[in-house]
Amino acid sequence: MTTTLIVIAVLVLFVLVVMVKSVLVIPQATAAVIERLGRYRTTAAPGLNILVPFFDRVRARIDLREQVVSFPPQPVITRDNLTVSIDTVVYFQVTDPRAAVYEISNYIVGVEQLATTTLRNLVGGMSLEETLTSRDQINNQLRGVLDEATGRWGIRVARVELKAVDPPPSIRDSMEKQMRADREKRAMILNAEGQREAAIKSAEGQKQAQILSAEGAKQAAILGAEAERQSAILRAQGERAARYLQAQGQAKAIEKVFAAIKAGRPTPEVLAYQYLQTLPQMAQGDANKVWLVPSDYGKALEGFAKMLGAPGEDGVFRYEPPAYEQPATSAPERDDPSVADWFDTAPDPAVAEAVRAAEAVARKEVPGPLEQPSVERGADVGALGSGSVAREVGAGEAGQPRE
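Everything numeric here is computed off the predicted structure, so don't read it as measured data.

Trainee: Just to check I follow, could you spell out the overall build of the protein for this structure?
Mentor: The helix and strand inventory of the protein stands at 10 helices and 11 strands. For the protein, the proportion of its 403 residues judged to be buried stands at 23%. Pairs at least 24 residues apart make up 67% of the contacts formed inside the protein by residues separated by at least 6 positions. Carbon and sulfur atoms make up 59% of the accessible area of the protein, which amounts to about 27,900 Å² in all.

Trainee: Whenever I open this one, the pattern of salt bridges confuses me. Can you help?
Mentor: Between side chains of opposite charge, a pair can form when the charged atoms approach closely. Counted by the stated rule, this structure contains 11 salt bridges. Of the charged contacts in the structure, one is a salt bridge between Glu35 and Arg57, with a shortest N-O distance of 3.2 Å. Residue Glu35 is located in strand 2 (residues 30-36), and its partner Arg57 is located in strand 5 (residues 56-63); the two are separated by 22 residues in the primary sequence. Judged by its relative accessible area of 46%, Arg57 falls in the partly exposed class. For the salt bridge of Arg196 with Glu197, the shortest nitrogen-to-oxygen distance reads 3.4 Å. Arg196 gets classed as partly exposed once you look at its relative accessible area, which sits at 47%. Taking relative accessible area as the criterion, Glu197 reaches 34% and is therefore assigned partly exposed.

Trainee: I would appreciate a short explanation of the sheet that holds strand 3 (residues 39-44) in the present structure.
Mentor: Each strand in a sheet pairs with another by means of backbone hydrogen bonds, the pair being arranged parallel or else antiparallel. Strand order in the open sheet formed by three strands is 3-2-5, with antiparallel pairing between adjacent strands. One side of each edge strand has no neighbouring strand; the edge strands of this open sheet are strand 3 and strand 5. For this sheet, the mean inter-axis angle between neighbouring strands, taken without regard to orientation, is 25 degrees. Looking at chain direction, strand 2 and strand 3 are connected through five bridges and run antiparallel. Counterpart to Glu35 in the pairing with strand 3 is Tyr40.

Trainee: Where do I start with unusual backbone geometry in this structure?
Mentor: Working note: non-glycine residues mostly have negative phi, and peptide bonds are mostly trans. One non-glycine residue with positive phi stands out, namely Ala29, at about 65 degrees. Residue position: Ala29 is located in the loop between strand 1 (23-26) and strand 2. By relative accessible area, which is 23% here, Ala29 ends up partly exposed. A positive phi angle, near 70 degrees, is found at Phe54, a position not held by glycine. Among the secondary structure elements, Phe54 is positioned in the loop between strand 4 (47-50) and strand 5. Take Phe54: its relative accessible area is 55%, and that puts it in the exposed class.

Trainee: Quick question: what am I supposed to make of the nonpolar core here?
Mentor: Nonpolar side chains in soluble globular proteins tend to be buried together. Counting residues in hydrophobic clusters, the biggest one holds 32 residues, and the most contacted among them are Ile86, Val90, Phe92, Tyr107, Leu119, Leu146 and Ile155. Sort the elements by how many residues they give to this core and helix 3 (residues 107-124) lands first, with seven residues. Setting aside residues up to four positions removed in sequence, Leu146 forms contacts with Val111, Leu114, Ala115, Thr118, Val157 and Val160. Residues Ile26, Ile34, Ala44 and Leu51 belong to the second largest nonpolar core, which totals six residues.

Definitions and cut-offs
Residues numbered from 1 in each chain as written. Predicted model: local features only at pLDDT ≥ 70, side-chain atom pairs only at ≥ 80, totals over all residues. Heavy atoms only, no water. Helix = DSSP H or I, 4+ residues; strand = E, 2+ residues; numbered from the N terminus. Buried < 20%, exposed > 50% of the residue type's maximum accessible area, 1.4 Å probe, protein only. Contact = heavy atoms within 4.5 Å. Areas by Shrake-Rupley, 256 points an atom, 1.4 Å probe, with all protein chains shown as cover. Salt bridge = Lys/Arg side-chain N within 4 Å of Asp/Glu carboxyl O. Pairing = 2+ DSSP bridges. Axes fitted to C-alpha atoms, helices over the stretch in contact; angles between N-to-C directions. Core = buried A, V, L, I, M, F, W, Y, C linked by side-chain atoms within 4.5 Å.

Okay, structure coming up:
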């Protein structure tokens, strides 16, 4: 009985071992290379696979996902004999598990060594500057070479990237100095360009300011000259009218005095008395050198008596007043029509219009240099200058005195 139980237990154990050896479960994105009696039989797909116990075995399990391998930095000599350290990253994927197992013993080491040798061949034909600036070109060439060489290993190279390109420390220092010098150069260029633009803008502003100042001075000079001209004309007209009125007044005064003297019928005694009163006034003054002789009084009285008197029977001249005649009243004297406008105080309309036009131009707002192009500003200045000259001429013609 005991022997029978032992045999049954051994048979059950054997059946369990056979069942375990016959069943193979492969995960997704994984492949297994199956050998039978040491020879390749098949590649097990993901899922449940049945094996022949004790005859079939799993040689290797291959990951079918894309793998990323970072290789350590490799020293590479460039064409200009500079040693740079390049760190590469390779992205590859196993497409044929059988070739990856039987065509190469270790495909990762093979990809690393192939990438290193290919990288040295590519960089050896480039200078340092080309190596630093041609990463995309190196990546593409390196990927093409690796993909072609690893195709028979059942590997597809997706991408190759240069993770770091480190030149020697002395070269890095030189490059930093060069970059610093380039930045300083660009900064100086930009600074000089800014100063140049500022100088141009400042000169343009000064030019516009001088033009406007000159135009303002010109307008002020024109208005001042016109004002002086009109003032001189008006003063001359006023002086002429004043002299005319003064002359008329003196003439009227003399006429009135002589008329009064004639109407008063003065006697020789009155004239002699008036003459005696006038003589002291004639003698006044430091520059007067007239010496009066007393005998002149008698001669003067004798002359007045002979002129105004009549000799009597005794030979003495006596004043006989003439018969009084009523002075004829003459019509009031009228001013000459040619001088009637001398006393017109109303302003000249043409002069007032010219002054208003000049003031309007002087108060006109002038646009700034940023609001109007320089060519148009020059045209406006020229038009303004010509208009000012035209106004000056017109004002001159309008302001002529009327004779």
